[in-house]
Amino acid sequence: MGKVIIIGAGIVGASAAYELAQKGFHVTLIDEHADGRATSAAAGIICPWVTRRRNKAWYELARKGAAYIEQLISELHADGERDTGYKKIGAMRLHTDVEKLHELKEIACKRREIAPQIGELTLLSEKETQEKLPMLNGTYSSLFIEGAARVDGRALRDSLISAAKKYGAIYIKGKANINSKQNKITGVEVGEKNVHADMVIATNGVWMPQLLKPLGINLNITAQKGEIIHLQTDTIDTSSLPVVMPPNNQYMLHFDRGKIVIGASHANTDTLTTNITASGIHYILDEALKVAPGLSNLSIVETRVGFRPFTFNHLPIFGKIPEINGLLIANGLGASGLTTGPFIGKQLAAMVEGSELDVELNAYRVEQVLK
């Protein structure tokens, strides 16, 4: 099998490394461990089915990503990776307007015809919603989506890397520079070491424009800074509580051992500084406590910062760069990286292998973000 180098060990790169290593490729995964990696900050909601987002190409990718992640978790378990950070706990879509929830239920019912992962859909009254989550303010009814899940980005990434190493993948911490000759990628340079490869895959998020610029490739990728807050409770069993999706653009995720994650802020930026901002924290807490005043006495134990990469149309891109041989890239996953990332990693592996993709590539062409 051929030699493949993957630059960027976030959720996409780690997924591609696992897929390729399983299939017998000689995989080297390289990551700089830069502060602000999106996967390191992310706590993800796997529930794309009740969105009103009209971009059909995004929904197709997210739907297939949500279906694929269950298969991926099963494979990781079979390879001895139990701490994946993934758990199917359902989600509650909140609203004060019950008619809006009826509309969302209709949308989800239609989508369930080809997305059985959605599971049962149940409308809950204000009282039933409050009983399920007493920390809420009592004014919300909800739609409960049985098949929704939550995932810890760090845990899933680490499981993928660990499993890939079991299949022979090599993991290197360091800054990579791509080597090329006459429009053909030959490998990378890491520190004083040159690593040769038949194919290089770049999946390093907002740092990719810097990586590719020496090759004469200019990418139109923008960065969005996101902050999320981790709260701790010692009085509530959070292990099986559902994801909470309020009518604003915020969320509340429950993890094991009393951890509750709220977020997130969204600030477009040209500078990749990971300082925690007063405005970001104020915004998150203000929005969260309006929805769930019962969180007010919980301890703040951590705040994470990550940079989400976006394209001009908020669609991920992945595939080959024209006129450059031996290079694949993936970028622009935005805020839905933990839903779409593993599936995109699988598609990159299929491209290396020369096998058929699970999605029509045209909407996600790399050419769209070339300056």
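Before reading on, note that the structure itself is shown above.
Described below are features of the structure shown in this document. Because the structure is predicted, anything quoted here is derived from the model rather than measured. (Residues numbered from 1 in each chain as written. Predicted model: local features only at pLDDT ≥ 70, side-chain atom pairs only at ≥ 80, totals over all residues. Heavy atoms only, no water.)

Right, let's get into the overall build of the chain. A count of helical and extended segments in the chain gives 9 helices and 21 strands. Since a compact globule built from 371 residues should have a radius of gyration of about 21 Å, the 21 Å found for the chain is in line with a globular shape. On the principal axes, the C-alpha backbone points of the chain span a range of 65 × 45 × 40 Å. Here the chain holds 371 residues, and the buried ones make up 56% of them. Surface accessibility of the chain: about 16200 Å² in total, with carbon and sulfur atoms responsible for 48%. (Helix = DSSP H or I, 4+ residues; strand = E, 2+ residues; numbered from the N terminus. Rg over C-alpha atoms; globule rule 2.2 N^0.38 Å. Buried < 20%, exposed > 50% of the residue type's maximum accessible area, 1.4 Å probe, protein only. Areas by Shrake-Rupley, 256 points an atom, 1.4 Å probe, with all protein chains shown as cover.)

As paired strands, strand 20 (residues 317-320) and strand 21 (residues 327-331) are joined by 4 bridges and run antiparallel to one another. Residue pairing in the sheet places Gly319 in a bridge with Ile329 of strand 21. Connecting strand 20 to the antiparallel partner strand 21 that follows it, the hairpin turn spans 6 residues, and Glu323 within it adopts a positive phi of roughly 70 degrees. (Pairing = 2+ DSSP bridges.)

It is worth spelling out unusual backbone geometry at this point. The omega angle of the peptide bond from Gly263 to Ala264 is 5 degrees, so this bond is cis rather than trans. The backbone of Asn183 shows a phi angle near 60 degrees, a positive value even though the residue is not glycine. Following the sequence through the fold, Asn183 ends up in the loop between strand 10 (176-181) and strand 11 (184-190). Of note, Glu323 is a non-glycine position whose phi angle comes to about 70 degrees, a positive value. Its location among the elements puts Glu323 in the loop between strand 20 and strand 21.

What follows concerns the environment of Val206. Relative to the assigned elements, Val206 resides in the loop between strand 13 (199-202) and helix 7 (208-212). Along the backbone, Val206 and Tyr59 are 147 residues apart, and their C-alpha atoms lie at a distance of 23 Å. Beyond its immediate chain neighbours, meaning those up to four positions away, Val206 contacts Thr222, Ala223, Leu272, Phe307, Arg308 and Pro309. (Contact = heavy atoms within 4.5 Å.)

Moving on to the pattern of salt bridges. Side-chain pairing between opposite charges can occur once the charged atoms of the two side chains come close. Scanning the model with the defined rule gives 13 salt bridges in all. A salt bridge links Asp358 to Lys346; the nearest nitrogen and oxygen atoms lie 2.7 Å apart. Taken together, the residues span a long stretch of sequence, with Asp358 in the segment after helix 9 (337-353) and Lys346 in helix 9 at a distance of 12 residues. Taking the relative accessible area as the measure of exposure, Asp358 reaches 34% and is therefore partly exposed. (Salt bridge = Lys/Arg side-chain N within 4 Å of Asp/Glu carboxyl O.)

Mapping Thr340 onto the fold places it in helix 9. Exposure remark for Thr340: the relative accessible area of 0% places this residue in the buried category. Those residues in contact with Thr340 that sit more than four places away from it in its chain are Leu61, Ala62 and Leu333.

Moving on, we get to the packing of helix 1 (residues 11-22) against helix 6 (residues 153-166). Closest axis-to-axis distance for the helix 1/helix 6 pair is 8 Å, and the angle between their directions is 25 degrees. As summarised for this structure, helix 1 and helix 6 are arranged roughly parallel, according to the angle between their axes. Crossing handedness for the pair helix 1 and helix 6: left-handed. Listed contacts from helix 6 to Ile11, Ala14, Ser15, Ala17, Tyr18 and Ala21 of helix 1 are Leu156, Arg157, Leu160, Ile161, Ala163 and Ala164. Of the residues belonging to the contact of helix 1 with helix 6, the class tally is 10 nonpolar, 1 polar and 1 charged. (Axes fitted to C-alpha atoms, helices over the stretch in contact; angles between N-to-C directions. Parallel < 35°, antiparallel > 145°, perpendicular 65-115°, else oblique. Left-handed = near helix turned anticlockwise from the far one by under 90°. Nonpolar A, V, L, I, M, F, W, Y, C, P; charged D, E, K, R; others polar.)

Moving on: the nonpolar core. Counting residues in each nonpolar core, the largest one holds 74 residues, and the members touching the most others are Ile6, Leu20, Trp49, Ile145, Ile201, Phe318 and Leu348. Among the elements that line this core, the one with the most residues is helix 3 (residues 56-78), at 11 residues. If we skip the residues at most four places from it in the chain, Leu20 touches Val4, Ile6, Phe25, Val27, Ile201, Ala349 and Val352. The next biggest cluster of nonpolar side chains, apart from the first, holds 26 residues, and it includes Ile30, Val188, Val190 and Ala197. (Core = buried A, V, L, I, M, F, W, Y, C linked by side-chain atoms within 4.5 Å.)

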